[in-house]
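# Survey of secondary and tertiary structure
Each chain, letter by letter, is given below.
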Amino acid sequence: MTINEALMLNLLAGMLSSFGAGAIGALLCARWPRAARVVGHTFALLGALLALGLGLAGLAGGTVSVSIAQVLPIGGVALGVDRLSAFFILVIAVAAVPSAIYALGYTREYEGRYSLAGMGAALNLFLASMSLVVMARNALTFLALWEAMSLASYFLVMTERDDRETERAGWLYFVMTHAGFACLLVGFLLLSHATGSMEFAGWQAGAAAVTGTTRNLVFILLAVGFGSKAGVIPLHIWLPQAHPAAPSHVSALMSGVMIKLGIYGLVRVGFDWLSGGPAWWGGALLLVAAISAVLGVLYALVEHDLKRLLAYHSVENIGIILFGVGGGMLFQTYHLPALAGLALIAGLYHTLNHAVFKSLLFMGAGAVLHATHTRNMEEMGGLIKRMPQTAVFFLIGSVAIAALPPFNGFISEWLTFQSLLLSFQIPDKAVNLTFALSVAALALTSGLAAACFIKAFGISFLALPRSEHAESAREVGFSMRAAMALLAVACLVLGVAPFTVLKFLSKTTSELLGATPDMQFTWNRIVTGGSFATVSPLWIAVALAALLASIPITLRVFRANTARRYYETWGCGRAVQTARFEYTATSFANPFKRVFSVLYRPVKELAIEFHPESRFFVRTISYSNEARSIFDDAIYGPLNRMLRSFAQRVRLLQSGNVNVYLLYILVALVVLLVIAR
Amino acid sequence: MTLVKKIWTTPVVTEPQGVIIEDAQIEIIARQIDERARKLFGRSLHIREVDAGSCNGCEIEIVALNNPYYDLERFGLHFVASPRHADCLLVTGPVTRNMADPLRRTYEATPGPKLVVAVGDCARDCGVFAGGYGVFGPVSAVVPVDVVVAGCPPTPPMILSGILAALEKREQRQVEITQQ
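All of these numbers come straight from a predicted model, not from anything done at the bench.

### Quick look at the domain arrangement of chain A
Residues and elements named next belong to chain A. Segmentation of chain A into domains returns domain 1 (137–542), domain 2 (599–628) and domain 3 (632–676). Each of domain 1 and domain 2 has a C-alpha centre, and these two points are 40 Å apart. In this complex, domain 1 contributes five residues to the contact, which on the side of domain 2 involves four residues. In total, about 370 Å² of surface goes out of reach between domain 1 and domain 2, with carbon and sulfur atoms giving 73% of it.

### Comments concerning the sheet that holds strand β2 (residues 78–79) of chain B
All names here are of chain B. Taken in spatial order, the five strands line up as β2-β1-β3-β5-β7 in an open sheet, and their pairing is parallel. Both outer strands of the open sheet, β2 and β7 (147–149), are each paired with one neighbouring strand and no more. Across five bridges, the pairing between strand β3 (residues 88–92) and strand β5 (residues 115–119) is parallel. Opposite T92, over in β5, you have V119 as the bridge partner. With respect to the sheet, helix α4 (residues 97–109) is in contact with β1 (46–51), β3 and β5, its orientation differing from that of β1 by roughly 170°.

### Concerning the layout of surface pockets
Residues and elements named next belong to chain A. There is about 1400 Å³ of room inside the largest pocket. R168, L172, I237, Q241 and D632 are the residues nearest the centre of the largest pocket, which is lined by 39 residues in total. Listing elements by their share of the lining of the largest pocket, those giving two or more residues are α6 (164–195), α8 (212–230), α9 (239–245), α12 (306–333), β7 (618–626) and α24 (630–650). Among the elements that line the lining of the largest pocket, the one with the most residues is α6, at nine residues. When its residues are assigned to classes, the lining of the largest pocket shows 17 nonpolar, 10 polar and 12 charged.

### A closer look at the interface of chain A and chain B
Contacts between the two partners involve eight residues from chain A and, on the opposite side, 13 residues from chain B. Of the roughly 880 Å² buried at the junction of chain A and chain B (both faces included), carbon and sulfur atoms supply 46%. Among the residues chain A hides against chain B, the three largest losses belong to A:R565, A:Y567 and A:W570. Together they make up 66% of the total. At the boundary of chain A and chain B, one finds two salt bridges. Close ionic contact of B:E108 with A:R565 constitutes a salt bridge, the shortest N to O distance being 3.1 Å. For the pair chain A and chain B, the number of links is five residue pairs in polar contact (both at pLDDT 80 or more). For the side of chain A that touches chain B, the class distribution of residues is three nonpolar, two polar and three charged.

### Some thoughts on the pattern of salt bridges
Here the idea is simple: oppositely charged side chains can pair when their charged atoms come close. Scanning the entire structure with this criterion turns up 23 salt bridges over all chains. Taking the shortest distance from any N to any O, the salt bridge between B:R124 and B:D121 comes out at 3.2 Å. With B:R124 and B:D121 both in helix α5 (residues 121–125) and three residues apart, this pair spans about one turn of that helix. The partly exposed category is assigned to B:R124, whose relative accessible area is 39%. Among the charged side chains, a network of salt bridges with common partners joins A:D82, A:R137, A:R268 and A:D272.

Procedures and definitions
Every residue gets a number counted from 1 within its own chain, in the order that chain's sequence is written. For naming, the first written chain is A and the first written ligand is 1, with later ones following in the order written. pLDDT decides what is reported in this predicted model: residues at 70 or higher carry local features, side-chain atom pairs at 80 or more are listed and counted, and totals for whole chains, interfaces and linings draw on all residues regardless. The side-chain values count all of the structure's non-hydrogen atoms but skip hydrogen atoms and water molecules. The split of the chain into domains comes from an automatic or database domain assignment. We call two residues in contact whenever any of their non-hydrogen atoms come within 4.5 Å of each other. Accessible area, probed at 1.4 Å, shrinks when two parts are joined; the buried area is that loss added up over both. Following DSSP output, two strands are said to pair if at least two bridges run between them. Numbering goes from the N terminus for both helices and strands, where a helix is a DSSP run of H or I of at least four residues and a strand is a run of E of at least two. Helix axes are fitted to C-alpha atoms over the stretch in contact, other axes to C-alpha atoms as well, and angles between N-to-C directions run from 0 to 180 degrees. Residues are said to line a cavity or pocket when one of their atoms sits within 4 Å of a point; the points come from a 1 Å grid over protein atoms alone, cavities being sets where a 1.4 Å probe fits but cannot get out and pockets being open sets with protein on both sides within 12 Å along at least five of seven lines. Grid points are joined across faces, edges and corners, and a volume is the space filled by probe spheres set on the points. When residue character is reported, Ala, Val, Leu, Ile, Met, Phe, Trp, Tyr, Cys and Pro are called nonpolar, Asp, Glu, Lys and Arg charged, and the others, Gly included, polar. Only one rule defines a salt bridge in this text: a Lys or Arg side-chain nitrogen within 4 Å of an Asp or Glu carboxyl oxygen. Distance and chemistry together define a polar contact, namely a pair of N or O atoms within 3.5 Å, with one atom able to donate a hydrogen and the other to accept it when in protein, and with adjacent residues in sequence counting only for side-chain atoms on both sides. Each residue is assigned to one of three classes by its accessible area relative to the maximum for its type, calculated with a 1.4 Å probe on protein chains only: buried under 20%, partly exposed between the two thresholds, exposed over 50%.

See the structure below:
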C-alpha cells in the first residue's frame, strides 16, 4: 500500500489544527470551566486520533516534509516523517487517545478549584509539541519544540499549585529539564559546528568526519541531555516528584510518553546522527540501563505512595528499554547490524508497551485517587469490592508490567533477553561479560518488579479497607473506565498478536540500520537468532486460558463436591478483625529493605514514652523507618550546597548601588572597545 | 561410699515398663484410619488440634502421636496449621468462656465433611473444672461432637481409636443415607 504525501499532509494539518483549536477554545471558554473542560479535551482527543492515523500512515511507508523558512531563523521550521518518527507519533497517540477520554471525566472535580482553561490549553500544546518534536528535521526546530514540550508539561505539573509539595516538584522538574536542555543545546551547537550544518540530514552525512574528542563530547552531552528527560539514574530525581504531583492523565502522558522522547533522542544520536561509535558508548548505556532498572525497581519497592511507586517503575522501564538501545549500539560497533536490529526492536517494542501499560496503571492510580482522595497505599485496601472494574484493569496493567504472559510486557522483555543472550556472537570477552551482567540485572529487575506489583495490587485493592476514605470509595465514571478498558485491551492485543507491531518495527530498524533484523515471525510465533529461540505468544495465551478452564472441568469430571458455604475469613478465631491486623505495604517491603540495606541506608527511629510511675506501662510509641536516597546525599546535596555558596559570592557584585552598576558599564565598555578594536 | 549406700537403700521409684501391647495395635488402628479417610475424604486425614482450655495433659499425649515412637505421619495423618486445611478437629479441655467463640469459629472455618473428636475427660464433662467461673461447658455444648475419648489424659492409642470410631460412625451414617 502506498500512502501519498497529500494524505500525510492532511493528517498533519488536521492534527495541528485540532490541537490549536483545543488550546484556543479552552482559553476562550475560560469563564465557563465546564465548557473549557469539554472543548479542550474533545479537541485533544480529535488531535490524538489524527496523530494515530498519521503514525500508522507513516509506518506504512508514508513520508512528508514541510519546511517554512520564515518562522524561525537559521533554516526555519523543518518537519519530516520517517518510520522512526512515525513510530514515536504512534506511541504518543496510543497514550494520548485514552488520556484525553480519561481527562474528560477525571478533571470534573477540578471545576471551580483550578483553571481548566489553562489546563486544557497546556494539554493541547503539550500533545502538539510532543508530536511535532519527533518530526523536527533541524536543530532549531527541535530545540524550540523540545522547550515548548517541557514548558507545557511544567504548567500541567503545576495544576494543583496551592500544594507546597507540588510547588517543590515543579521547581525541581523545571531545573532538571533545563539543565538537560543546556546539555542538548551545547551538544547540538558542537555537532552543527563540526558538520557545518543545522539540518539533521547534514549531520548524518557529515558525522563520519567528526572524530576524536568532539565526537565523544557530542555523544556525552546529548546522552546526558536526553537521559535527563528519560529519567535515567542518576538524573532521575525530578521524576518521582513531578509525576505524582501532576493530574493523573498528565502523569500517564509524562510517564508513558514524554520520557520516551529521551529514548527517541538517544536512538537518533546513536543510530542516525552519529551512526555508531566506539564500544564504550554502548557499554556506558548498558551500565546506565542496569543501574536504572535495578535501582528504579528497588526504590519502587519501598515506596508507599501509589503514583510515586509507578514513577519509580518508569525509571526501571527506561532501564529495560535502554538495555535494547545500548545493546543495539554495541552490536553495531561490532558490525552485527542484524542483531543490532533485534536489540533495537526489543527496545522500541518495550517503549510502546510501557506507554500502554504505564498509562493504564497511572489511570488506575488516578481512579483510586479520585475515589479515595489519597495516594498513600496504607490507607487503601478492599477496593476490589468497591471498584471491581478499576481493580481488573489495574491488575491487567500490573501483570503486563511484571512481564508475565499473555500480556505485552512479556513479549518485549523476552525479545530484550534474546538480544542480550545472542551477544555471544561478539568476539570480545569483556563485552560478553558486560552482556552477561546485563542479563543478570534484567532478570533481577523482572523478579523484583513482580514482587512490587504484588504489593501495589494486594495492599491497595485486596483485604479490608484501611481507612474511611477507602471504605466509602465508589467506582469511577464511564469515561475513565472506558479509557482504562481501551488500554487493557491494547495490553492483551500487543501481547497475543505482536506480529502486528513487529511488522512495522522491523521495517523501521531496517530503514535505520540498512539491514534486516535477525528475527522471523508469523502470526503465531517469533524466532530469533536463526533458530536460537522461539516463542508462540498466541499458544501461550491459549494454554493459560485452557489451564484456567481446566479447573472447573476437572472438578466436574471427578465429581468433586462443589457445594458452597459462605463464612467469614479465617482469622485464627479472633473475635474482632479490623484492618489493623492486615499485612501492610511497609511490612511487605521490609525484607527487601533489610537485604538491600546498603542501598537504602534506612534510618530507623523508635521513641517510647513510658508512664512516669512504671516502665511496664507505655504511653506512646512512635516508630519511623525511612529509606534515604544515595543520590540526594552523594550528588545533589553537595551540588546544591556548591551552587548556593557560589551564588552567595556572586551576590557581592549586586551591591544595589547604582553608582557601582554605572562603573560596571564603564568597565565593560572600555574592555569591549579594547578587545574589538 | 555414700553414693553406693544411697543406691542400695533407695527403692526403685519408677514404675516397671510393663508389657507393651500397643506396638502392633497402633499400626493396625492408624492403617485403618488412613484407609477409611481415603474412602471418605479421597485423601489422607488432616487434623487440627484445638485447645479450648485444657491443662495441656491431653496435648502432651497428642504431641506424642507425632514423636518418633508413634510417628503418625508415616500413615498419612497430618497435623495442620489451619482449620481450612483440616478434616478433623481434636478438641481438648473444658471449653472456657474465652475459647467458646473461637472454637465455634474454628468449627465453621473447617470445610465439610468434618469430624469432631473431643479428647479427654474435661472435653467430655468439664472434669475437675466443672462449675468453675471461667468454664463455659463441655465441647458438645459448643459444637456437635462425633466421638468422645475418655481418660485423664487418654493414651495415644486411645486417641487414635477415637478418630477411627468417628470415621466408622460417619461411614455408617453415609451408608444409612444411601440406603434411604
